[in-house]
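Coordinates in review
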Amino acid sequence: MSTNVRSGSERCPCMSGLPLDECCGPILAGERKAATAEALMRSRFTAFAVGDRDHLLASWHPRTRPRVLDLDDTLQWYRLDIESTSGGTPFDTTGEVVFTAHHRRGGIRGSLHERSRFERLDGQWVYVDGVVS
Ligand SMILES: [Zn+2]
């Protein structure tokens, strides 16, 4: 699935309005760290959208990281709405992001509403877990 090649000038799947190579692209490539929990959340959504398992696993807290990550390749993640954030700035060690991620499979649309928790581990934001509501 990492063969899902996108041009860097394309708009980032996380809906920031920025080109991929100025937004989540360098974070997925490991060239830049996410400065905030929200930036990491966005990069993980983008990783889901482009099927980047490596980034999803690398940005997962070692305590909660799944051993194997099965991505549903038939599910297309096409829209992210960040609803609220708390903490998660460069001055925090924990953060929460509430979001709705929209997906479709064939013509059927669905969404995931989640409150995700993040921690800063060795200077790097990582995803801990989330509560789906
Ligand atoms: Zn992005």
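Residues numbered from 1 in each chain as written. Predicted model: local features only at pLDDT ≥ 70, side-chain atom pairs only at ≥ 80, totals over all residues. Heavy atoms only, no water.

Convention followed: UniProt positions are given in the numbering used here, feature names are shortened, and annotations may be inferred rather than shown by experiment.
Labelled according to an unreviewed UniProt entry, the protein chain appears under the name UPF0225 protein IDF66_00325, originating from Gordonia hankookensis. Quoted verbatim from the Sequence similarities (unreviewed entry) heading of the UniProt record, the comment on the protein chain is "Belongs to the UPF0225 family."

As for the packing of aromatic side chains
The geometry of an aromatic ring pair is captured by two quantities: the separation of the ring centres and the angle between the planes. Stated formally: Two aromatic rings, drawn from Phe, Tyr or Trp (for Trp, its six-membered ring), form a pair once their centres lie within 6.5 Å of each other, and the interplanar angle then sorts them: stacked below 30 degrees, edge-to-face above 60, tilted otherwise. Only DSSP runs of H or I reaching four residues or more are called helices, and only runs of E reaching two or more are called strands; each is numbered from the N terminus. Burial classes follow relative accessibility: with a 1.4 Å probe on protein chains only, a residue under 20% of its type's maximum area counts as buried, one over 50% as exposed, and anything between as partly exposed. A positively charged side chain is recorded as over a ring if its NZ (Lys) or CZ (Arg) lies within 6 Å of the ring centre. The angle to the ring normal must also be within 35 degrees.
Within this structure, the stated rule accounts for four aromatic pairs. Between F45 and W77, the aromatic rings sit 6.5 Å apart at their centres with planes inclined by 85°, giving edge-to-face as the arrangement. On the criterion of sequence distance, the pair formed by F45 in helix α2 (residues 37-50) and W77 in strand β1 (residues 76-87) is long-range, its members being 32 residues apart. Here F45 matches W77 in class, with each residue buried. Relative to Y127, the ring of W60 has its centre 5.3 Å away and its plane inclined at 80°; by these criteria the two rings are edge-to-face. On the criterion of sequence distance, the pair formed by W60 in the loop between α3 (53-58) and β1 and Y127 in strand β4 (residues 124-132) is long-range, its members being 67 residues apart. Taken together, F45, F48 and W77 form an aromatic cluster joined through their ring pairs. If you follow R44 out to its NZ or CZ, it ends over the ring of W60, 4.6 Å from the centre. The cationic tip of R104 hangs over the ring face of Y78; the distance from NZ or CZ to the ring centre is 4.1 Å.

Side note on the coordination of the zinc ion
Note the cut-off: For Na, K and Ca the donor cut-off is 3.2 Å, while for other metals it is 2.8 Å, and in both cases only N, O and S atoms qualify; water is not among them, so sites may look incomplete. Four donors are marked tetrahedral only if all angles between them lie between 85 and 135 degrees, whereas four are marked square planar and six octahedral if opposite donors are more than 155 degrees apart and the other angles lie between 65 and 115; the remainder are marked irregular.
Taken together, C12 (SG), C14 (SG), C23 (SG) and C24 (SG) make up the protein donors of the zinc ion, found 2.3 Å from the metal. What the four donor atoms of the zinc ion show is an angle range of 103 to 113° at the metal, which sorts the shape as tetrahedral. Sequence spacing among the residues donating to the zinc ion works out to C-x1-C-x8-C-C.

What to know about the pairing of strand β3 (residues 108-121)
This is how it is decided: Only strands joined by at least two bridges in the DSSP assignment are considered to pair.
Relative to β3, strand β2 (residues 94-105) is paired through 12 bridges, and the arrangement is antiparallel. Each bridged residue has a counterpart across the sheet, and for H102 the counterpart in β3 is S111. Between the end of β2 and the start of β3, which pair antiparallel, lie two residues, with G106 showing a positive phi angle near 60°. Of the pairings in the sheet, the one linking β3 to β4 comprises eight bridges and is antiparallel in character. Each bridged residue has a counterpart across the sheet, and for R120 the counterpart in β4 is W125. The antiparallel pairing of β3 with β4 creates a hairpin that spans two residues between the two strands, and D122 there sits at a positive phi of about 50°.

Here we look at the pattern of salt bridges
Counted only if it meets this: Just to be clear on terms, a salt bridge is a Lys or Arg side-chain nitrogen sitting within 4 Å of an Asp or Glu carboxyl oxygen.
Applying the stated rule across the entire model yields six salt bridges. Residue D81 is joined to R79 by a salt bridge in which the shortest nitrogen-to-oxygen separation is 3.2 Å. The class of R79 is partly exposed, set by a relative accessible area of 37%. A salt bridge links R117 to D129; the shortest N-O distance between them is 2.8 Å. Within this pair, whereas R117 is found in strand β3, its partner D129 is found in strand β4, the two being separated by 12 residues in sequence. With a relative accessible area of 27%, D129 lands in the partly exposed category.

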